[in-house]
Amino acid sequence: MIQLKDRFDRQHNSLRMSLSEDNNYYCVYYNSSMSLKSKSDESEFLSFDNILKLIHIFVSELGINEIKFTGGEPLYRLDVLTFFKKLSEYNKENKISLGLTTNGILLYDKIELLQNYGINSININLNTLKKEKFKKIYPDTDLEVVLKSIDKAGKSGVNPLKINCTVMKGFNEDEIFDFVEFGKNRNINIRFIEFLPYTDDSRGSYSYISVEQIYKKINNVYPLVKMKSDMLDVAKNYQIKDFLGTLGFISSTSNHFCSSCNRLRITAEGNLLMCLFSTINKDVKLKNLLNSEKSDKEIANFISDLLFTKNLHHPDVEKYLLLNRNNVPNFKNEFKIKN
Ligand code: SF4
């Protein structure tokens, strides 16, 4: 087995794997021109067979033991459940920890099957609990659909069940307590995540709020009790007396946690990204390697060599505001939601 370590001695055991770059919603703060239907040609994505082959290489040759499926919206990919079924068969012997990050819209009917296929950790991206605001982001869907998915997942024993709430001034800062109270009677971890500003226009004081500020606001009303957390957990977790749910704070911008980074990313097209902030390097298309004559070991060696190009941490805020990232949406004109 090859040690998946970078030049800073960080052991990598976790993979974020995007299954689709598509979303089943019209996203006002990502891209107003995004279609409500699939806009990508699925043939551009890594096939499920190739994904399984890649997972096998990462698990058997490189020691990956945790995979989180993301997107776009992963549940939007055609035949995704068939893929998860095949993966569960592979996983009978390998015991990889499997998770899913979703917007929750297509989740409700799939919860039992996902659990049967070993996907027991689900993160739901939800940035508003207000019906009207939700409707602006997802014109075709009611907030109720996601709330029902969350409650069903909780009752079905999905654990951990997490809500990812990216807090932005001028957008949902006024809902912080709504989210806190949402967790009062639900066994759920609500994670407040700092917004990562990408362009100068989104950098104004209306967009960014630190988790320290959020923590203070909440702690003034509900004293927060720190919980023990895993060294590699990016969230600092807290409890409130008599609350079933817990709160997590993720300081992705103000106090990055890159020194213990243990993850790699693969886009739906099969590009390997060392970091959330990596720009796409067309030379790192794993699809070409998977379809070549190269052995699993050769592909694993290629990946582990690439890991040596990984930076210690993401660029400073000032620098990444200037990054021209092709794989990151431009917030420039679309960020501000007009109430
Ligand atoms: S920003 Fe990059 S290096 Fe830092 S934790 Fe995220 S993926 Fe790892």
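Residues numbered from 1 in each chain as written. Predicted model: local features only at pLDDT ≥ 70, side-chain atom pairs only at ≥ 80, totals over all residues.

### As for the overall build of the chain
Okay, step 1: Secondary structure assignment for the chain yields ten helices and eleven strands.
Okay, step 2: Put simply, the chain has 339 residues, and 35% of those count as buried.
Okay, step 3: In the chain, once contacts between residues fewer than 6 apart in sequence are set aside, the share between residues at least 24 apart is 77%. (Helix = DSSP H or I, 4+ residues; strand = E, 2+ residues; numbered from the N terminus. Buried ≥ 20, exposed ≤ 12 C-beta atoms within 10 Å, placed from the backbone. Contact = placed C-beta atoms within 7 Å.)

### So, the pairing of strand β8 (residues 236-240)
Okay, step 1: In the sheet, strand β7 (residues 224-226) pairs with β8 via three bridges, with the strands oriented antiparallel. Residue pairing for β8: Val225 is matched across the bridge by Gln239.
Okay, step 2: Two elements, β8 and strand β9 (residues 246-250), share four bridges in a ladder whose sense is antiparallel. Its bridge partner being in β9, Asn237 is matched across the sheet by Gly248.
Okay, step 3: Taken together, β8 and the strand that follows it, β9, pair antiparallel across an intervening segment of five residues, in which Asp242 is found at a positive phi of about 70 degrees. (Pairing = 2+ DSSP bridges.)

### Some words on the pairing of β9
Okay, step 1: Burial of β9 is extensive: five of the five residues sit out of reach of the surface.
Okay, step 2: Side-chain alternation along β9 places Thr246, Gly248 and Ile250 on one buried face and Leu247 and Phe249 on a second face that is also buried.
Okay, step 3: Of the pairings in the sheet, the one linking strand β6 (residues 189-194) to β9 comprises five bridges and is parallel in character. By the bridge assignment, Arg191 is partnered in β9 with Gly248.

### Things to note about the nonpolar core
Burial of nonpolar side chains together is a common tendency in soluble globular proteins.
Okay, step 1: With 74 residues, the main nonpolar core has Phe58, Cys165, Val167 and Phe192 as its most contacted residues.
Okay, step 2: The dominant element in this core, judged by the number of residues it contributes, is helix α1 (residues 48-60), at six residues.
Okay, step 3: Other than its neighbours up to four places away in sequence, Phe192 contacts Cys165, Val167, Val211, Ile214, Phe249 and Ile250. (Core = buried A, V, L, I, M, F, W, Y, C linked by C-beta atoms within 7 Å.)

### Digging into the sheet that holds strand β2 (residues 66-70)
Okay, step 1: Across the sheet, which stays open at both edges, the eleven strands sit in the order β7-β8-β9-β6-β5-β4-β3-β2-β1-β10-β11 with mixed pairing between neighbours. Strand pairing shows two members of the sheet lacking a second neighbour, β7 and β11 (272-273), which therefore form its edges.
Okay, step 2: Where helix α7 (residues 211-221) meets the sheet, it contacts β5 (161-167), β6, β7 and β9, and its direction lies at approximately 155 degrees from that of β9. (Axes fitted to C-alpha atoms, helices over the stretch in contact; angles between N-to-C directions.)

### With respect to helix α5 (residues 143-155)
Okay, step 1: Across its 13 residues, α5 extends 19 Å between first and last C-alpha, which sits within 8% of the 18 Å expected from 1.5 Å per residue.
Okay, step 2: Of all the residues in α5, the buried ones are Val146, Ser149, Ile150 and Ala153. End-on, the buried residues of α5 take up no more than an arc of 100 degrees, which puts them together on one face. Opposite the buried face of α5, at more than 90 degrees from it, the exposed residues are Glu144 and Lys155.
Okay, step 3: Looking at the packing, one finds that the buried side of α5 touches α3 (111-116), β4 (119-125) and β5.
Okay, step 4: Following α5 by one or two positions, Gly157 has its phi on the positive side, about 90 degrees. (Expected span 1.5 Å × (residues − 1). Arc of directions from axis to C-beta.)

### Considering the packing of α1 against helix α2 (residues 80-94)
Okay, step 1: Following both chains from N to C, one finds α1 and α2 inclined at 20 degrees, their axes separated by 11 Å at the closest point. In terms of their interaxial angle, α1 and α2 are classed as roughly parallel. Relative to α2, the crossing made by α1 is right-handed. Only Phe83, Lys86, Leu87, Tyr90 and Asn94 of α2 make contact with α1, whose side of the interface consists of Phe48, Leu52 and Val59.
Okay, step 2: Looking at the contact of α1 with α2, its residues break down into six nonpolar, one polar and one charged. (Parallel < 35°, antiparallel > 145°, perpendicular 65-115°, else oblique. Left-handed = near helix turned anticlockwise from the far one by under 90°. Nonpolar A, V, L, I, M, F, W, Y, C, P; charged D, E, K, R; others polar.)

### Remarks on unusual backbone geometry
Okay, step 1: The omega torsion across Gly71 and Gly72 is 20 degrees, close enough to zero to call that bond cis.
Okay, step 2: One can find Gly72 in the loop between β2 and α2.
Okay, step 3: Of note, the amide linkage connecting Asn159 to Pro160 takes the cis form, showing an omega dihedral of 0 degrees.
Okay, step 4: With respect to the helices and strands, the residue Pro160 is situated in the loop between α5 and β5.

### Observations regarding the confidence of the model for the chain
Okay, step 1: Scored by pLDDT, the chain has a mean of 85; 82% of the residues are at 70 or more.
Okay, step 2: Of the regions scoring below 50 in pLDDT, residues 26-39 engages in 22 contacts with residues more than four places distant in sequence or in other chains. (pLDDT = per-residue confidence, 0-100.)

### Concerning helix α9 (residues 296-306)
Okay, step 1: Burial in α9 covers these residues: Ile299, Ala300 and Ile303. What you see down the axis of α9 is that its buried residues fit within an arc of 100 degrees, all on one side. The exposed set on the far side of α9, more than 90 degrees from its buried face, consists of Lys297 and Asp305.

### Here's the deal with the environment of Ser20
Okay, step 1: Take Ser20: it is sitting in the loop between β1 (14-18) and α1.
Okay, step 2: When the C-alpha atoms of Ser20 and Glu269 are compared, they prove to be 8.3 Å apart, with 249 residues separating the residues in sequence.
Okay, step 3: Apart from residues no more than four positions distant in its own chain, Ser20 is found in contact with Phe45, Gly71, Gly72, Glu73, Pro74, Tyr76, Arg77 and Ala268.

### Let's talk about the environment of Thr253
Okay, step 1: Counting through the fold element by element, Thr253 comes out in the loop between β9 and β10 (263-266).
Okay, step 2: Considering only alpha carbons, one finds Thr253 and Val211, 42 residues apart in sequence, at a separation of 9.2 Å.

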